[in-house]
Amino acid sequence: MPDKEFIAADVNPTIENGSVSWEAPSNIALVKYWGKKENQIPANPSLSFTLKNCKTTTKLNYVKVTEAHQNSEEITFEVIFEGVKKESFKPKIASFFKRILPYCAYLKHFRFEIISENSFPHSSGIASSASGMSALALCVMSLEKSLFPEMSDDFFNKKASFLARLGSGSAGRSIKGNMVVWGEHKDVLLSSDYYGIEYPLKTNAVFKDYQDTILLVDKGIKQVSSTVGHDLMHGHPFAEARFKQANDHLSELIPAFADADLETFIKIVESEALSLHSMMMSSDPYFLLMKPNTLALIHKIWEKREQSGIPVCFTLDAGANVHMLYPSANKEEILEFVKNELVVYCENGHYICDEVGEGAKML
Ligand code: DP6
């Protein structure tokens with residue numbers, strides 16, 4: 001089993017208590033992960049830009065418990081999110097701990113307090129699972145490193161991504177920058193279904209600070225969770241064709257990244273976004289996450305590209321918000337465009353300016 005390397009020895013820790021903090025970013029997929037097998041193994045490889053400003057900061061406090069209080073099945077923890085105790089966040093984190101326990105048996109010797117906050121508004125429609133789960137996975141790894149100090153940085157990052165992935169697939173892509181590949185792909189050496197790796201191939205400088213302006217069309221809670229959406233790819237009539245398309249798209253992006261071929265980049269990125277939503281629209285049951293303003297924004301972006309020649313394009317998450325992507329050289333003109341023509345399509349005129357970032361940081 002390739003995951004064997006991630007099983008930590010079940011030591012009885014000498015550390016009595018401690019605290020560690022990490023800040024981890026969100027990411028936006030260019031090639032989408034939609035569909036998974038058992039144990040959070042993706043049905044196809046995905047590739048994302050790591051973001052810079054949308055991030056989660058998590059502090060993990062840990063205290064050693066007596067043997068009588070240990071439970072090898074369940075970890076004891078409290079969650080405080082933005083200053084408030086959050087019972088509603090516990091099931092997802094409990095399931096994360098349960099999934100990672102076989103790889104981190106030392107966790108059962110501690111009880112935890114998880115204190116977390118996001119840089120972006122909670123009700124922005126931006127999923128916080130990627131940044132949240134990666135920040136937590138990194139905190140767990142810092143604890144593991146204090147128990148096994150000889151661990152290499154490479155192993156630390158790999159296992160952090162491996163654990164984050166078990167919490168939420170896309171979180172495995174939120175450890176490193178600037179671009180991350182998760183899922184085995186024939187043209188990306190060392191790519192793995194088990195963890196994300198920094199995109200290892202030639203990348204033109206234009207992509208190092210690519211801009212992502214997130215146009216907040218709908219700040220409500222998602223109508224369908226990603227987990228349910230992924231599940232609907234089982235038995236989906238177009239599943240196999242979609243998984244092949246994602247592999248082909250990644251292959252096509254490789255020379256585009258090397259040569260700054262923005263025309264190809266745009267074609268693939270927009271196609272991926274529309275394919276993702278097509279999968280939702282053709283699943284059983286079907287669902288539609290785009291809103292009228294999502295479509296209005298897509299048309300405005302196309303019109304702008306056509307009229308100005310600026311290589312601006314869009315991508316979508318599993319929601320109605322539009323991520324508008326463009327080179328940093330065009331920042332001024334595009335932000336004027338946002339203020340003058342796009343804010344009317346955003347809920348309460350809200351949007352978030354983000355860009356490609358370097359990955360998570362220990363605080
Ligand atoms: C549409 O990572 O949220 O954003 O593994 O069930 O937690 P789980 O799903 P999640 O799915 C993300 C789906 C997506 C595309 C992507 O980020 O690749």
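Residue numbers run consecutively from 1 along every chain, following the written order of its sequence. Residues qualify for local features only when their pLDDT is at least 70, as the model is predicted, and side-chain atom pairs are given and counted only at 80 or more; totals for whole chains, interfaces and linings, by contrast, use all residues. To get the side-chain values, all heavy atoms of the structure are used, and hydrogens and water are removed first.

K.L.:
Give me the lowdown on the side chain of N178, citing residues and values where you can.
P.N.:
Secondary structure elements follow DSSP: runs of H or I no shorter than four residues count as helices, runs of E no shorter than two count as strands, and numbering proceeds from the N terminus. In this fold, N178 is placed in the loop between α3 (153-167) and β8 (179-182). Beyond its immediate stretch of four places on either side in the chain, N178 contacts S48, F49, T50, K208, V356, G357 and E358. We call two residues contacting when some pair of their heavy atoms lies within 4.5 Å.

K.L.:
Could you give an account of the pairing of strand β1 (residues 17-31), with specific residues and numbers?
P.N.:
Regular strands place side chains that alternate from one sheet face to the opposite one. The element β1 is largely enclosed, with a buried count of 12 among its 15 residues. Here, strands pair whenever DSSP counts at least two bridges between them. The pairing of β1 with strand β14 (residues 361-362) spans 2 bridges and is classified as antiparallel. The residue of β14 that forms the bridge with W22 is M362. Relative accessibility decides the category of a residue: with a 1.4 Å probe and only protein chains considered, values under 20% of the type maximum give buried, values over 50% give exposed, and everything between is partly exposed.

K.L.:
Can you tell me about the site of the ligand, naming the residues and giving the values?
P.N.:
Not every one of the 17 residues close to the ligand is listed here, only the nearest: Y33, K36, S168, G169 and S170. Polar contacts, as used here, are pairs of N or O atoms within 3.5 Å; protein pairs need one atom able to donate a hydrogen and one able to accept it. Residues neighboring in sequence count only if both atoms are side-chain atoms. Contacts to the ligand include Q40, whose side-chain N or O atom sits 3.2 Å from an oxygen atom. Separating an oxygen atom of the ligand from a side-chain N or O atom of S226 is a distance of 3.3 Å. Surface exposure here means Shrake-Rupley accessible area, sampled with a 1.4 Å probe, where a residue is shielded only by the protein chains that are shown. Protein burial of the ligand: of its 460 Å² of free accessible surface, 94% is covered by the chains. Distances are taken per atom, and a residue is near a molecule or strand as soon as one of its heavy atoms is within 4 Å of it.

K.L.:
Go over the pattern of salt bridges, please, and point to the residues and values.
P.N.:
Any Lys or Arg side-chain nitrogen located within 4 Å of an Asp or Glu carboxyl oxygen qualifies as a salt bridge. Scanning the entire structure with this criterion turns up 17 salt bridges. A salt bridge links K90 to E87; the nearest nitrogen and oxygen atoms lie 4.0 Å apart. Note that E341 and K300 form a salt bridge whose closest N and O atoms lie 2.8 Å from each other. Of this pair, E341 sits in helix α8 (residues 331-342) while K300 sits in helix α7 (residues 292-308), placing them 41 residues apart in sequence. Looking at E341, the relative accessible area reads 33%, which means it is partly exposed. Shared partners join several salt bridges into a network, and the residues in it are E78, K85, E87 and K90.

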